Amino acid sequence: MADMTSFREAVTAWVAGGPGGDLARELASELAEQLPVRTAVLLEGPSDVNAVNALAASHGRDLAAEGVCVLAMGGAMSVGRFAQFFGPPGLGLRLTGLCDERERDYYVRGWERAGADQQDFFVCAADLEDELIRALGVDLVKELIRVEGDLRPLETFLRQPAQRNRTAQQQLRRFFGTKKGRKIHYGRVLVEALTPDRVPPPLSGLFAIL
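Scoring rules and cut-offs
Residues numbered from 1 in each chain as written. Predicted model: local features only at pLDDT ≥ 70, side-chain atom pairs only at ≥ 80, totals over all residues. Heavy atoms only, no water. pLDDT = per-residue confidence, 0-100. Helix = DSSP H or I, 4+ residues; strand = E, 2+ residues; numbered from the N terminus. Patch = residues over 30% accessible without salt bridge, like charges linked within 9 Å, V, L, I, M, F, W, Y side chains within 5 Å. Areas by Shrake-Rupley, 256 points an atom, 1.4 Å probe, with all protein chains shown as cover. Salt bridge = Lys/Arg side-chain N within 4 Å of Asp/Glu carboxyl O. Lys, Arg positive; Asp, Glu negative; His and termini not counted. Charge placed at Lys NZ, Arg CZ, Asp CG, Glu CD. Expected span 1.5 Å × (residues − 1). Buried < 20%, exposed > 50% of the residue type's maximum accessible area, 1.4 Å probe, protein only. Arc of directions from axis to C-beta. Contact = heavy atoms within 4.5 Å. Polar contact = N/O pair within 3.5 Å; in protein donor to acceptor, adjacent residues only side chain to side chain.

Participant: In this structure, what is going on with the confidence of the model for the protein? I would like to understand it.
Facilitator: When pLDDT drops low, the exact placement of atoms in the prediction is not to be read closely. In the predicted model, the protein carries a mean pLDDT of 93, and 98% of its residues have values of at least 70. Between the elements of the protein, mean pLDDT differs from a low of 87, seen in helix α2 (residues 21–34), to a high of 98, seen in helix α7 (residues 138–147).

Participant: Explain a negative patch on the surface here, please?
Facilitator: A grouping of D22, E26, E30 and E33 is seen on the molecular surface, where their side chains present a negatively charged patch. Here E33 is to be found in helix α2.

Participant: Just to check I follow, could you spell out helix α1 (residues 4–16) for this structure?
Facilitator: Helical periodicity: at 3.6 residues per turn, an α-helix aligns residues three or four positions apart in one direction. Given a rise of 1.5 Å per residue, 13 residues ought to cover 18 Å, and the 18 Å separating the end C-alpha atoms of α1 matches this to within 8%. All of the buried residues along α1 are M4, F7, A10, V11, W14 and V15. Along the axis of α1, the buried residues cluster in a sector spanning 130°; they form a single face. With respect to the buried face of α1, the exposed residues turned more than 90 degrees away are E9 and A16. Elements that come into contact with the buried residues of α1 comprise α2, β2 (68–72) and α4 (79–86). Where α1 begins, the capping side chain belongs to D3, and its oxygen is found 3.2 Å from the backbone nitrogen of T5. Looking one or two residues beyond α1, the residue adopting positive phi is G17, at roughly 75°.

In structure tokens:
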């Protein structure tokens, strides 16, 4: 039975290239028809996927069941190939996604080449973690870090000389990237702490069109 996980894996295998790429593309196309898929959400990495899925769950939504493929591309530089496959030149799905401000140009070019509506992707000021920290506030984020058992590592991190000239928000954002898996974990934790009036504009914009 076709499922969204198999579809994502086939698409990623095709984009990665190498032996079996054509077969992976063919498999992905077949799975898209079986599911069926209507929308592709192109995200830079797994922490973004975790955050989007957590927000969907908090709203009682099953995106995969709705035909929405939420996919981590492994970096914004791959967006052109993904947009070509999912968008009008390929499967003809609606494209949307989130990107960091510094990666905006990759998305603009990818959307242009795919003939997709550029109003359908949303830009975070620095990255999604930055948006979530701003939305929740530094004090609440530190409390969440304490609850998750990471207060001592945070305190050690904040004593580093490199952190002295950074704002509290910049320090927290940097902290989430200092250990493998931490950004992914806190992508969910931060989103689950949001109240409806605190959802950052890029995320609320994304969900408004899903």
